[in-house]
Structures are given as C-alpha cells and as structure tokens.
Amino acid sequence: MDKQSLAVSCVLICYNQQQYIDEAVKGVLSQSYDVGEFIFSDDCSTDDTFAKLKLAVDKYGAGKNIVVRKNASNMGLIAHVNAVMAASTGELVVIAAGDDISFPNRVAKIVETYLAAGRPMLLHSKAVAIDGHGVATGNEFPDVSLRKKLTVEESLLSQRIYLGASGAWSRDLINKYGPISYRHTYEDLTMGFRAVLEGKIEYIDECLLAYRVDVGLSAAKNLLTGADRAANRRAKIRREKDIFLQRRDDIERFGGVGVKAERKLKQKIRLVQIRSHFYENRLALLRDMLISPISFLDGVGGEVKFLIKYVFLK
C-alpha cells in the first residue's frame, strides 16, 4: 500500500489552553502527510480556547477536511476522548494535546513505521521538552525506561507506559476494546496497557513533537494547604482505583494473562479500594477489616501516616 493512501485522523483535544492553542493547531495542520481528517474538539473551555481554536483553524486550515466541535458541557477527559474516538474514521488516529506542538513530519513518520512494523496497535515517539514560553528545556521524553516494548508484568501495576502526547492508536485497538469505562483513569494508561496486552506497541526513536512541561503546576504544589493535599490524595486514590479496574476488565476481554498476574492485580485493587473506603465509605471500611485484616492494616496505616505527615503537621 502507498503510505499516502492510508486513512489517518488527526485529533486535537483541548480544554482551557487559550495561550497555547494557536501553536498547537498550526502544528497539527502543518503535516507533510495528506491527512484525511482533522478533528479539533474543545471540552467546553471556560476561557477563550474555543474562539482562538476557530481562528487558528481559519488561519491554517484552508482546503483541509476539518471538523471543529465543542462539547455542550464539560465532559471530563475520558468521556471526551470516547466521544472523539467515536467520531473519527481513520485506520490510524494520531492524538494531539492543546498545549503541545506537532512537528511537520510527525504523521508521515508514524505512518511509515506503522506500515513497516506490521500495523501495530499503538505507536509512540520521543518528544522535545519545552516550557510555558515555548523554550526548549534541553530534555527529551519519555525517559529511557519507556523506550522499549514493556511486558505485561512490567505494565500491570505501572502508571507510566508511554508518553501519551506522542501516541497514535489503530482502529483495531479502538474497536476491539471499545470505549474506556472508568472516568478517573487516563487514556494513555488504558490504551497503552491494551496495546501491551496485544503485544503490538511500537516506539519511534525520533522527536516528533514539542511537549509542554513546567507550566506552573509544580510551583503551585508548594502552596497547597492541608485540605488541598487531602483532596489531592483522595483524587489520586480514585484515579488509581479506576486505572486498575479498567485493567482488570481489559484483561478479561483479552482472555486472561495467567493466575499469578491476575492475583497480583486483584490484591492491588483490594488495597486501593480499602484506601478509598477510608475517605468515602466507613461502613465498607468496617467490612474490609473483617474480610481482609492484613490489607486493611496496610491500607489504613498508609493513609493515617499520610495525613499526619502532609496534612496535620504542615
């Protein structure tokens, strides 16, 4: 097949990224590859992102097949991703974020690798790190540990599989596993694990985009109050629970990965659920104590130590 005949969808998802959206749109629309479909989707931003998105599309998108959409209300990341994946039609879907900058050869290199590697279900690449002003920091992502094909065992409990901003997903991957079910997980952790299950994930050892880092979040963490830290802790636990519940479901859809690995994941889910119950369901926590006393002590003990160190003593 001529690589230029492969149907590709380029999808950019954004939310409250008004200061970066022009560069992001320009990067996506600058591709040397003949992309069949561009979808720009805003999750009901509260700033001027959508207005600036439309202006950028008008400025850079002449003659291209472009869909610009805005959710009627804020859906959240996972529901937004599900909606856009359902709207896309390409055999390969290249993902972009509203604060990163795709290089002109990004899609062409992804398609070239996709065809040469036997149509893997997920492809990802290196990226140049830039700061909030667009200045290169001198770093590259991801780190070396993710520049290889991870095993199921390495990925099972990991919260780092590939650099999500660099990813492209095949239609086969999207169709086989369907929409992401748990709203607090992340799309890259879900799609990455699914591709690892299938043994069809491919790394491209070339920087194909500029990846935005250090845009104020790190500094903000130092100003958090005890209540903020407690709220962030609860959110982290909800996220972990959904990550691992999604993996449990995907393993079942895949057909299993062996008793040892499945037992390990089950134990992890149990521990995270106990931690969740500590904050949100004391009746269930009492039941946890009776059913799984060792896991109960581990989970509750960890949360008590966290609260003492990071909330009450701050």
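We now turn to the structure provided with this report. Since this is a predicted model, take the numbers as computed values, not measurements.

## So, the pairing of strand β3 (residues 66-70)
Inspection of the sheet shows strand β2 (residues 37-42) paired to β3 by five bridges, in the parallel sense. Looking at the pairing, F38 lines up with I66 of β3.

## What about the nonpolar core?
Counting residues in hydrophobic clusters, the biggest one holds 47 residues, and the most contacted among them are V11, M85, L122, I161, W169, L173 and M191. When residues of this core are traced back to their parent elements, those giving at least two are β1 (8-14), α3 (77-87), β4 (92-97), α6 (171-177), α7 (187-198), α9 (226-254), α10 (259-280) and α12 (293-312). Tallying contributions element by element places α10 first for this core, with seven residues. In contact with L173, not counting residues within four places along its chain, are M121, L122, M191, R194 and A195. Listed in part, the 30 residues of the second largest apolar core include L6, V25, F50 and L92.

## A closer look at the environment of A231
Mapped onto the fold, A231 is located in helix α9. On the accessibility criterion, A231 (30% relative accessible area) is partly exposed. A C-alpha to C-alpha distance of 9.9 Å links A231 and Y279, two positions 48 residues apart in sequence.

## Here's the deal with helix α4 (residues 106-116)
Turning to α4, its buried residues are R106, V107, A108, I110, V111, T113 and Y114. Against β1, β4, β5 (101-102), β6 (122-130), β8 (168-170) and β9 (201-212) lie the buried residues of α4. In the segment just after α4, G118 is the residue with positive phi, at about 80 degrees.

## Digging into unusual backbone geometry
A cis geometry characterises the amide bond from F141 onward to P142, with omega recorded as -5 degrees. Phi at N16 takes a positive value of approximately 50 degrees, unusual for a residue other than glycine. Tracing the backbone through its elements, the reader meets N16 in the loop between β1 and α1 (21-29). Accessibility expressed as a relative area gives 28% for N16, which makes it partly exposed. With a phi close to 55 degrees, C44 is a non-glycine residue in the positive phi region. By secondary structure assignment, the location of C44 is in the loop between β2 and α2 (49-60). C44 gets classed as partly exposed once you look at its relative accessible area, which sits at 22%.

## Observations concerning the packing of α10 against α12
Contact pair α10 / α12: the axes reach a minimum separation of 9 Å and the direction vectors enclose 50 degrees. Compared by their axis directions, α10 and α12 come out oblique. As for how α10 packs across α12, the hand of that crossing is right-handed. In contact with L271, I274, R275, F278 and Y279 of α10, α12 contributes S295, F296, D298, G299, V300, E303, V304, F306 and L307.

## Quick look at the packing of aromatic side chains
Taken as a whole, this structure holds four aromatic pairs when the rule is applied. Taken together, a centroid distance of 6.5 Å and an interplanar angle of 10 degrees make the contact between F38 and F40 stacked. Here F38 matches F40 in class, with each residue buried. Ring centres of F306 and Y310 lie 5.3 Å apart, and the angle between their planes is 35 degrees; on these two criteria the pair is classed as tilted. Highlighted residues: F306 and Y310, both in helix α12, separated by four residues, approximately one helical turn. One residue, R233, lies across the ring of F306, its end atom 4.4 Å from the ring centre.

## A few points about the side chain of E37
Tracing the backbone through its elements, the reader meets E37 in strand β2. Buried and unpaired, E37 has R171 as its nearest opposite-charge partner, separated by 5.8 Å. The contact partners of E37, leaving out residues within four places of it in the chain, are V8, S9, C10, N65, A87, S88, T89 and G90.

## Some details on the pattern of salt bridges
Following the criterion strictly, the structure yields 19 salt bridges and no others. One salt bridge connects D22 with K59, and the closest N-O pair in it is separated by 3.1 Å. Here D22, found in helix α1, pairs with K59, found in helix α2; they are 37 residues apart in sequence, far enough to count as distant. With a shortest N-O distance of 3.8 Å, E206 and K109 are connected by a salt bridge. Of this pair, E206 sits in strand β9 while K109 is found in helix α4, placing the two residues 97 residues apart along the sequence. Salt bridges here are not isolated pairs; linked through shared partners, they connect K109, E112 and E206.

## Description of α3
Listed as buried for α3 are I78, H80, V81, V84 and M85. Taken end-on, α3 shows its buried residues confined to a sector of 160 degrees, consistent with a single buried face.

Rules behind the numbers
Residues numbered from 1 in each chain as written. Predicted model: local features only at pLDDT ≥ 70, side-chain atom pairs only at ≥ 80, totals over all residues. Heavy atoms only, no water. Pairing = 2+ DSSP bridges. Helix = DSSP H or I, 4+ residues; strand = E, 2+ residues; numbered from the N terminus. Core = buried A, V, L, I, M, F, W, Y, C linked by side-chain atoms within 4.5 Å. Buried < 20%, exposed > 50% of the residue type's maximum accessible area, 1.4 Å probe, protein only. Contact = heavy atoms within 4.5 Å. Axes fitted to C-alpha atoms, helices over the stretch in contact; angles between N-to-C directions. Parallel < 35°, antiparallel > 145°, perpendicular 65-115°, else oblique. Left-handed = near helix turned anticlockwise from the far one by under 90°. Phe/Tyr/Trp six-rings, centres within 6.5 Å; stacked < 30°, edge-to-face > 60°. Lys NZ or Arg CZ within 6 Å of the ring centre and 35° of its normal. Lys, Arg positive; Asp, Glu negative; His and termini not counted. Salt bridge = Lys/Arg side-chain N within 4 Å of Asp/Glu carboxyl O. Arc of directions from axis to C-beta.

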